[in-house]
Amino acid sequence: MSDRLPGFSTLAVHAGAQPDPTTGARATPIYQTTSFVFNDADHAASLFGLQAFGNIYTRIGNPTNAVLEERVAALEGGTAALAVASGHAAQVVVLQQLLQPGDEFIAARKLYGGSINQFTHAFKSFGWNVVWADSDDIASFERAVTPRTKAIFIESIANPGGSITDIEAISTVARKAGVPLIVDNTLASPYLIRPIDHGADIVVHSLTKFLGGHGNSLGGIIVDAGTFDWSTGGKYPMLSEPRPEYHGIRLQETFGNFAFAIACRVLGLRDLGPALSPFNAFMILTGIETLPLRMQRHCDNAKAVAEFLAGHPAVASVSYAGLASDKYNQLARKYAPKGAGAVFTFSLKGGYDAGVSLVSKLQLFSHLANVGDTRSLVIHPASTTHSQLDDAAKVKSGAGPDVVRLSIGIEDKEDLIADLEQALGA
Ligand SMILES: *Cc1c(COP(=O)(O)O)cnc(C)c1O
């Protein structure tokens, strides 16, 4: 064996997995079981007291899920990870460790529509207050910081317009404010951007999208960068104070640079309950093995489609950071040199009606509310994912009435372009 560190594609296939020690099975088995037998009473007690690591009950952990966790932690360059049932579950579990009722977190306004809803309505009912900032105006994050701010939340490549966020600039604001930077890396995947390399303290994903990649399984994951000191100023009592549920241990003191991942598991997942099914973990692991190949094809196809649209007479504008003329092209070159992702928007000269009509005429593109599938997808955000926003908020979040969002798949790009051509022309 050489002592070179494995590359990204090697990690995507192998990280976290070994042949099954009892059967020799080479693919990771689906450990479809709710619970695990203890060796003896002492073993059981030490597992429950967090003195030993091991399997207890699938709501808290499962060996198939553990391979997925190790693999994504390796791909993102984190110390540990926790898989959960969905991307939204990951966001709840992360913020539950950081916020007490009455606390605030700052979020970029350009976000997945579901996250805007979750932050505005569901989190408000927990007493967690979102304060919006504009990722094109770094000073707006600084202005939003108050003594109650506990975290900053951004997307690396942002929904729906595929804009690129200046992670390093916002991480500087977070450092100064003494709060962790959480990056939703769903649209980039670690193949395109590794937010931890740019100052993120926590990375979250909807595994439902590019990591699983085949539009067949929901999942979410939280990656701990191991970079944040949770003990300063008593701001994060879940991590720094004695936990009554675990005989008074302090998680930061006991678990050091993976304390946050442990907190998410033993205080978040255990008590809130959004466990990932081992079957879904298996499907997502299988998807991740081809992530580098798929992601490159997604990006290459997206660039070709964006170039075609930019030259079409019915199209008013294309918002794709991979185009040299795009506002975010400089940031794309810095953060995502292999490609600017595969989700982007364009606007039609014919406005809202033209958007609705295009969506109904496309044949190869599926009209649905998802991204990051092998198949190409289309949606008209103003009438669907972003319909709950008022007109001004729609425009601010990049989902104005004339905007259509595409998620480009891995088909032949000539076929995708031909489908768009017939739907735009007819
Ligand atoms: C889909 C998505 C989510 C939510 O994930 P689910 O798995 O659907 O719960 C969060 N963030 C982004 C960027 C997404 O695309």
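Residues numbered from 1 in each chain as written. Predicted model: local features only at pLDDT ≥ 70, side-chain atom pairs only at ≥ 80, totals over all residues. Heavy atoms only, no water.

A. Representation of the environment of Lys327. Structurally, Lys327 is set in the loop between strand 10 (315–319) and helix 14 (329–335). Residue classification places Lys327 among the exposed positions, given a relative accessible area of 64%. With 50 residues separating them in the primary sequence, Lys327 and Leu377 have C-alpha atoms 24 Å apart. Of the polar contacts made by the side chain of Lys327, one reaches the side chain of Asp136; its length is 3.3 Å. (Helix = DSSP H or I, 4+ residues; strand = E, 2+ residues; numbered from the N terminus. Buried < 20%, exposed > 50% of the residue type's maximum accessible area, 1.4 Å probe, protein only. Polar contact = N/O pair within 3.5 Å; in protein donor to acceptor, adjacent residues only side chain to side chain.)

B. Inspection of the site of the ligand at higher detail. The environment of the ligand is made up of 14 residues, and the closest members are Gly87, Asp184, Ser206, Thr208 and Lys209. For the ligand, an oxygen atom lies 2.9 Å from a polar atom in the backbone of His88. For the ligand, an oxygen atom lies 2.8 Å from a polar atom in the side chain of Ser206. Here the ligand loses 93% of its free accessible area of 380 Å² to cover by the protein chains. The greatest single-element share of the shell around the ligand, amounting to three residues, is contributed by helix 4 (residues 87–98). In the shell around the ligand, the residues fall into one nonpolar, 10 polar and three charged. (Near = heavy atom within 4 Å. Areas by Shrake-Rupley, 256 points an atom, 1.4 Å probe, with all protein chains shown as cover. Nonpolar A, V, L, I, M, F, W, Y, C, P; charged D, E, K, R; others polar.)

C. Highlighting the side chain of Asp224. By the element assignment, Asp224 lies in strand 9 (residues 220–224). Arg265 is the oppositely charged side chain nearest to the buried, salt-bridge-free Asp224, at an N-O distance of 11 Å. Polar contacts involving the side chain of Asp224 include one to the main-chain amide nitrogen of Gly226, which spans 2.8 Å. If we skip the residues at most four places from it in the chain, Asp224 touches Gly78, Thr79, Ala80, Asp201, Asn257, Phe258, Ala259, Phe260 and Ala261. (Lys, Arg positive; Asp, Glu negative; His and termini not counted. Salt bridge = Lys/Arg side-chain N within 4 Å of Asp/Glu carboxyl O. Contact = heavy atoms within 4.5 Å.)

D. How the structure looks around the sheet that holds strand 9. Sheet architecture is open: seven strands sit in the order 1-9-8-7-4-2-3, paired in mixed fashion. Only two strands of the sheet have a single neighbouring strand rather than two, namely strand 1 (80–84) and strand 3 (129–133). The average undirected angle you get between the axes of adjacent strands in this sheet is 20 degrees. With five bridges joining them, strand 8 (residues 202–206) and strand 9 adopt antiparallel strand pairing. Paired with Val203 across the bridge in strand 9 is Val223. Here helix 11 (residues 259–272) sits on the sheet and contacts strand 1, strand 8 and strand 9; the angle it forms with strand 1, its principal contact strand, is near 25 degrees. (Pairing = 2+ DSSP bridges. Axes fitted to C-alpha atoms, helices over the stretch in contact; angles between N-to-C directions.)

E. Here's a closer look at helix 12 (residues 278–289). In a regular helix each residue adds 1.5 Å, so 12 residues correspond to 16 Å; helix 12 covers 17 Å between its end C-alpha atoms and thus fits that length. Considered for burial, the residues of helix 12 that qualify are Pro278, Asn280, Ala281, Ile284, Leu285, Gly287 and Ile288. With a side-chain oxygen lying 3.1 Å from the backbone nitrogen of Phe279, the N-terminal cap of helix 12 falls on Ser277. (Expected span 1.5 Å × (residues − 1).)

F. Up close: the nonpolar core. Membership of the largest hydrophobic core comes to 127 residues, with the highest contact counts inside it found for Leu68, Leu98, Leu309 and Leu406. The element that contributes the greatest number of residues to this core is helix 13 (residues 291–310), accounting for nine residues. Two domains each provide a minimum of three residues to this core, namely domain 1 (8–287) and domain 2 (292–425). Leaving out residues up to four positions away in the same chain, Leu406 has contacts with Val305, Leu309, Ala342, Val343, Phe344, Phe346, Phe365, Leu377, Val378 and Leu420. (Core = buried A, V, L, I, M, F, W, Y, C linked by side-chain atoms within 4.5 Å. Domains from an automatic or database assignment.)

G. Structural detail: the domain arrangement of the protein chain. The domain architecture assigned to the protein chain consists of domain 1 (8–287) and domain 2 (292–425). On the side of domain 2, 38 residues touch domain 1, which itself brings 37 residues to the contact. Taken together, the links from domain 1 to domain 2 amount to two salt bridges. A salt bridge links Lys327 to Asp136; the nearest nitrogen and oxygen atoms lie 3.3 Å apart.

H. The arrangement of the sheet that holds strand 12 (residues 366–367) in detail. Ordered by their spatial adjacency, five strands build an open sheet running 10-11-14-13-12, and the pairing between neighbours is mixed. The strands lining the two open edges of the sheet, one partner per strand, are strand 10 and strand 12. Where strand 13 (residues 377–379) meets strand 14 (residues 403–407), three bridges bridge the pair, whose relative direction is antiparallel. Bridging across to strand 14, Leu377 finds its partner in Ser407. Packed on one face of the sheet, helix 15 (residues 351–361) meets strand 11 (343–348), strand 12, strand 13 and strand 14 and runs near 125 degrees to strand 11.

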